[in-house]
Amino acid sequence: MENMICEDNVILRIHQLHKHFGSLQVLKGIDLEVHKGEVVAVIGPSGSGKSTMLRCLNRLEIIDGGSIEIKGEFLASENEVGRATYASTAKARELLSCMGMVFQQFNLFPHMTVLENLLEAPIQVKKRNKDEILPEVEELLRKVGLFDKRDAYPSRLSGGQQQRVAIARALAMKPDIMLFDEPTSALDPELTGEVLKTMRALALEHMTMVVVTHEMAFAREAANRVIFMADGNIIEQGAPQPFFAAPKEERTIAFLKNML
């Protein structure tokens with residue numbers, strides 16, 4: 001993908017991010033900047049800390065050290081003794097509402113129709129009027145190719161369709177950043193393509209995206225930048241073409257050799 005990113009327009013900044021689970025150090029000082037409109041693909045072996053990093057961004061995990069900055073404001077910052085402290089509840093809620101997240105599992109409400117799944121958060125969280133947002137969510141369903149399933153329940157959908165509904169549901173909150181945690185890993189290969197097609201369309205619209213993925217073709221074709229993580233560290237990163245054609249680090253070379 002052609003890089004059209006303004007280098008000064010940082011929308012997400014992580015500095016020296018540390019996370020432990022007991023005695024296990026999962027993130028060992030991650031530094032990362034994401035620019036508005038950039039698509040960042042995060043790849044690496046299982047256990048490298050990729051999903052944990054995403055969960056820290058969305059405060060699904062509490063960090064132990066470092067800082068997280070969203071749109072120029074701190075969600076978490078380091079105090080004088082080096083411990084991470086979070087913004088007030090109100091400020092944290094405001095900053096977290098800037099991010100949408102799509103998980104490996106679809107996490108749709110089974111007792112709600114597709115349309116009701118999309119309407120729920122804007123009405124309950126943002127206190128918006130149903131009549132006002134109905135045209136917006138219907139357009140999102142058209143966008144992901146599922147308008148005809150608006151009255152269906154999740155159990156009647158394929159895994160690929162459920163994941164596309166989950167993407168539309170996240171977009172219904174009008175996020176500035178979309179986080180994807182291996183969104184195709186729970187899907188059969190034949191269903192993976194329809195989800196990646198939806199994500200590629202978002203990339204072409206310059207939606208800011210951080211995508212943890214094992215889909216190397218997506219990383220190569222849709223990302224502006226590819227990041228390789230291993231053992232809780234960012235080992236190497238770069239634009240897709242040089243990254244895949246001539247990786248520099250031995251760990252990256254070995255990983256790509258097994259994946260490609």
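Residues numbered from 1 in each chain as written. Predicted model: local features only at pLDDT ≥ 70, side-chain atom pairs only at ≥ 80, totals over all residues. Heavy atoms only, no water.

Colleague: Can you help me understand the pairing of strand S3 (residues 39-43) in this one?
Modeller: Every other side chain in a regular strand lies on the same face of the sheet, so the side chains alternate between the two faces. Across the 5 residues that make up S3, a large majority, 5, are buried. Side chains Val39, Ala41 and Ile43 project from S3 onto one buried face, and the interleaved Val40 and Val42 project onto a second face that is buried too. The pairing of S3 with strand S9 (residues 208-212) spans 4 bridges and is classified as parallel. Within S9, the position partnered with Val39 by the bridge is Met209. Sheet analysis places S3 next to strand S10 (residues 225-230), joined by 4 bridges and oriented parallel. Residue pairing across strands places Ala41 opposite Val226, the latter belonging to S10. (Buried < 20%, exposed > 50% of the residue type's maximum accessible area, 1.4 Å probe, protein only. Helix = DSSP H or I, 4+ residues; strand = E, 2+ residues; numbered from the N terminus. Pairing = 2+ DSSP bridges.)

Colleague: Please explain the sheet that holds strand S7 (residues 99-102) as it appears in this structure.
Modeller: In a beta sheet, neighbouring strands pair by backbone hydrogen bonds and run either parallel or antiparallel. Spatially, 6 strands are ordered S7-S8-S9-S3-S10-S11 in an open sheet, and the strand pairing comes out mixed. Only two strands of the sheet have a single partner each, and these edge strands are S7 and strand S11 (233-238). Strand-to-strand twist across the sheet, computed as the mean angle between neighbouring axes with direction ignored, equals 20°. Bridge count for strand S8 (residues 177-181) against S9 is 5 bridges, and the pairing is parallel. In the sheet register, Asp181 faces S9, and the bridge partner there is Val212. Across the sheet, helix H5 (residues 159-171) lies against S7 and S8, angled at about 170° from S7, the strand it touches most. (Axes fitted to C-alpha atoms, helices over the stretch in contact; angles between N-to-C directions. Contact = heavy atoms within 4.5 Å.)

Colleague: Hey, could you run me through the sheet that holds strand S6 (residues 84-86) in this one?
Modeller: Read across the open sheet, the 5 strands follow the order S2-S1-S4-S5-S6; overall the sheet is antiparallel. In the strand order of this sheet, the two ends are held by strand S2 (24-35) and S6, each with one partner. Ignoring strand direction, the axes of neighbouring strands in this sheet form an average angle of 15°. Across the face of the sheet, helix H1 (residues 50-57) comes into contact with strand S1 (10-21), S2, strand S4 (65-70) and strand S5 (73-78) while running at roughly 115° to S1. This element, helix H2 (residues 89-96), spans S4 and S5 of the sheet and lies at about 120° to S5.

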